[in-house]
Amino acid sequence: MAGTTPKTYRIAVLTSGLSRGSNLRAIHQYFREHKIPVEIGFVLITRKSAPVAEYCRQEGLPVEFVSSLDPQAFEAGIQKMVQSYQPDLLVLAGFMKKLSADCLRAMAIPALNIHPALLPKYGGQGFYGQRVHEAVYASQEKVSGVSIHLVDPEYDHGDVIAQAEIDISDCQTAAEIGQRVLELEHRFYAPTIYKYLTSRS
Ligand code: GAR
């Protein structure tokens, strides 16, 4: 309807370890450049020295540190943050931890994850980051891509809501595949997040 102000959504972005945060950056910049009404409520980090924290400081994005050393305290910490910021959606970007069924249920909001391969291939325990691309390269795949899926208590397992493919037939190394897929991730995650948010309300 003309003149209707679009709803502003709020997301929380979860990272872990020494996350470089390139997906967070791409998401943040896409929403800003395209004036998409999605606000990043907070960015979770599990290591204070994670490079992603520096980007957040520069951009004034709230950063919340929760140690992941004790799994129960970790999940309780995330739940506390979710209660206090009330996001509509959790966005996992370089988050390599599992969230238990109890924790996901208690938070009562959906969570999306990005995975740098065409699930169900090259997903699950041990398949993360560059390891994924090494396996794809070793199998001489001609096509790889990006999967965005709902998060459940298993690694890379929930329903896939969107996938994008890319030709890797001329890639000479696993690193080259990784670079090509990462660029696709950066183009694909933010619009998929917004599409998902708007499809739910
Ligand atoms: C991304 O390639 C993401 O798809 C992958 O980790 C990288 C994080 O990069 N996630 C997984 O492998 C999850 N199983 P970033 O910190 O620069 O966004």
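Before reading on, note that the structure itself is shown above.
Calculation criteria
- Residues numbered from 1 in each chain as written.
- Predicted model: local features only at pLDDT ≥ 70, side-chain atom pairs only at ≥ 80, totals over all residues.
- Heavy atoms only, no water.
- Salt bridge = Lys/Arg side-chain N within 4 Å of Asp/Glu carboxyl O.
- Helix = DSSP H or I, 4+ residues; strand = E, 2+ residues; numbered from the N terminus.
- Buried < 20%, exposed > 50% of the residue type's maximum accessible area, 1.4 Å probe, protein only.
- Near = heavy atom within 4 Å.
- Polar contact = N/O pair within 3.5 Å; in protein donor to acceptor, adjacent residues only side chain to side chain.
- Areas by Shrake-Rupley, 256 points an atom, 1.4 Å probe, with all protein chains shown as cover.
- 1 Å grid on protein atoms, 1.4 Å probe; cavity = no way out; pocket = protein on both sides within 12 Å on 5 of 7 lines; lining within 4 Å.
- Sits in = over half its atoms within 2 Å of the grid points.
- Nonpolar A, V, L, I, M, F, W, Y, C, P; charged D, E, K, R; others polar.
- Pairing = 2+ DSSP bridges.
- Axes fitted to C-alpha atoms, helices over the stretch in contact; angles between N-to-C directions.

**Student:** So, the pattern of salt bridges: which residues are in play, and what are the values?
**Tutor:** Counting across every chain of the model gives 6 salt bridges. Residue glutamate 54 pairs with arginine 57 through a salt bridge whose shortest N-O separation is 3.6 Å. Remark: arginine 57 and glutamate 54 occur in helix α2 (residues 51-59); sequence separation between them is 3 residues, near one turn of the helix. Judged by its relative accessible area of 39%, glutamate 54 is partly exposed. Taking the shortest distance from any N to any O, the salt bridge between aspartate 170 and arginine 180 comes out at 2.6 Å. Of this pair, aspartate 170 sits in the loop between β7 (160-167) and α6 (174-199) while arginine 180 is found in helix α6, placing the two residues 10 residues apart along the sequence. On the accessibility criterion, aspartate 170 (43% relative accessible area) is partly exposed.

**Student:** Account for the site of the ligand, naming residues and giving values.
**Tutor:** If you check the shell around the ligand, you find 16 residues, and the closest are Arg20, Ser22, Asn23, Gly129 and Glu185. One nitrogen or oxygen atom from the side chain of serine 19 is found 3.3 Å from an oxygen atom belonging to the ligand. Note that an oxygen atom of the ligand is positioned 2.7 Å from one of the side-chain N or O atoms of glutamate 185. In isolation the ligand has 450 Å² of accessible area, and contact with the protein removes 94% of it. More than half of the atoms belonging to the ligand lie within 2 Å of the grid points that define the largest pocket. Here the residues of the shell around the ligand sort into 6 nonpolar, 7 polar and 3 charged.

**Student:** How would you sum up the sheet that holds strand β6 (residues 143-150)? Please name residues and give values.
**Tutor:** Spatial strand order, β3-β2-β1-β4-β5-β6-β7: 7 strands in an open sheet with mixed pairing. Two strands bound the open sheet, and with one partner strand each, they are β3 (63-65) and β7. Each strand axis lies, on average, 20° off the axis of its neighbour in the sheet, ignoring direction. Here strand β1 (residues 9-14) pairs with strand β2 (residues 38-45) via 6 bridges, running parallel. Within β2, the position partnered with leucine 14 by the bridge is leucine 44.

**Student:** Go over unusual backbone geometry with me, naming the residues and quoting the values.
**Tutor:** It is generally the case that most residues other than glycine have a negative phi and that most peptide bonds are trans. Cis geometry is adopted by the peptide bond preceding proline 120, which originates at leucine 119 and carries an omega value of 10°. Within the fold, proline 120 resides in the loop between β5 (111-115) and α5 (130-138). Phi angles above zero are rare outside glycine, and alanine 108 is one such case at about 55°. Considering the arrangement of structural elements, one finds alanine 108 in the loop between α4 (101-107) and β5. Residue classification places alanine 108 among the exposed positions, given a relative accessible area of 65%. In the Ramachandran plot, aspartate 156 falls in the positive-phi region, its phi being about 55° despite a non-glycine side chain. Looking at the element boundaries, aspartate 156 is found in the loop between β6 and β7. For aspartate 156, a relative accessible area of 16% corresponds to the buried category.

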